[in-house]
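A closer look at the structure
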Amino acid sequence: MTVVGLVFTAIAALIHVYIFVLESLRWTAPATRTTFGTTAEEAEATKEMAFNQGFYNLFLAIVTAVGIVLTLVDHADAGAALVFASAGSMVAAGLVLLISSPEKGRSALIQLTPPAIGVAALVAGLVF
């Protein structure tokens, strides 16, 4: 189950790198504005906020990747702590999005499902 958990948390990290690219590098691009449902004016007005938010997503992905590597090189306790903290934050953020903006449910589920499966599989691997 540990391998399954690490695969799903790696997928979650990749999704968060993609979100970083959208928010920090491509925020005002037409395709990104369509993805997030913003107008050109809204995107321009929120550009600095999105840039910052994108880096939060990148840092979550980095912490997840470091945790995965540590787990794989036989530092399972430290690795698991990092993966649980970062993937747990991804799940929590996805739940906040789902609760606060139900109309963005698809995006919230994309954000929270892989890390939730990963964390559940890692816990199952530790327990069983």
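1. Let's talk about the overall build of the chain
Each helix and strand counted, the chain has six helices and zero strands in total. Structurally, the chain occupies a C-alpha span of about 50 × 25 × 20 Å along its principal axes. Across the 128 residues in the chain, those meeting the buried criterion constitute 36%. If you take every contact in the chain between residues at least 6 apart in sequence, the share linking residues at least 24 apart comes to 61%. Both charge centroids of the chain, one from 5 positive and one from 8 negative side chains, sit 10 Å from each other.

2. Re helix α1 (residues 2-25)
Structurally, the α-helix is built with 3.6 residues per turn, so residues lying three or four positions apart point the same way. With 24 residues, α1 ought to run about 34 Å at 1.5 Å a step, and its terminal C-alpha atoms sit 34 Å apart, in line with that. Contact partners of the buried residues in α1: α2 (30-36), α4 (47-72), α5 (76-100) and α6 (105-127).

3. Some words on a nonpolar patch on the surface
A contiguous nonpolar surface patch, about 380 Å² in accessible area, is contributed by F59, I62, V63, V66 and L82. It is α4 that provides the largest number of residues to the nonpolar patch, a total of four residues.

4. Re the layout of surface pockets
Put simply, the largest pocket is a space of about 850 Å³. If you go around the largest pocket, you meet 29 residues; those closest to its centre are I19, E23, F36, L97 and Q111. Mapped onto the lining of the largest pocket, the elements with two or more residues apiece are α1, α2, α4, α5 and α6. Looking at the lining of the largest pocket residue by residue, the class counts come to 14 nonpolar, eleven polar and four charged.

5. Digging into the packing of aromatic side chains
Two numbers describe a pair of aromatic rings. These are the distance of the centres and the angle of the planes. Counting across every chain of the model gives four aromatic pairs. Between F20 and F55, the ring centres sit 5.0 Å apart and the planes meet at 75°, which makes this aromatic pair edge-to-face. Of this pair, F20 sits in helix α1 while F55 sits in helix α4, placing them 35 residues apart in sequence. In textbook terms, an aromatic cluster arises when at least three aromatic residues are bridged by ring pairs, as seen for F20, F51, F55 and F59.

6. Description of unusual backbone geometry
The phi angle at D74 is positive, at roughly 75°, despite the residue not being glycine. In this structure, D74 sits in the loop between α4 and α5.

Analysis parameters
- Residues numbered from 1 in each chain as written.
- Predicted model: local features only at pLDDT ≥ 70, side-chain atom pairs only at ≥ 80, totals over all residues.
- Heavy atoms only, no water.
- Helix = DSSP H or I, 4+ residues; strand = E, 2+ residues; numbered from the N terminus.
- Buried < 20%, exposed > 50% of the residue type's maximum accessible area, 1.4 Å probe, protein only.
- Contact = heavy atoms within 4.5 Å.
- Lys, Arg positive; Asp, Glu negative; His and termini not counted.
- Charge placed at Lys NZ, Arg CZ, Asp CG, Glu CD.
- Expected span 1.5 Å × (residues − 1).
- Patch = residues over 30% accessible without salt bridge, like charges linked within 9 Å, V, L, I, M, F, W, Y side chains within 5 Å.
- Areas by Shrake-Rupley, 256 points an atom, 1.4 Å probe, with all protein chains shown as cover.
- Salt bridge = Lys/Arg side-chain N within 4 Å of Asp/Glu carboxyl O.
- 1 Å grid on protein atoms, 1.4 Å probe; cavity = no way out; pocket = protein on both sides within 12 Å on 5 of 7 lines; lining within 4 Å.
- Points joined across faces, edges and corners; volume = space filled by probe spheres on them.
- Nonpolar A, V, L, I, M, F, W, Y, C, P; charged D, E, K, R; others polar.
- Phe/Tyr/Trp six-rings, centres within 6.5 Å; stacked < 30°, edge-to-face > 60°.

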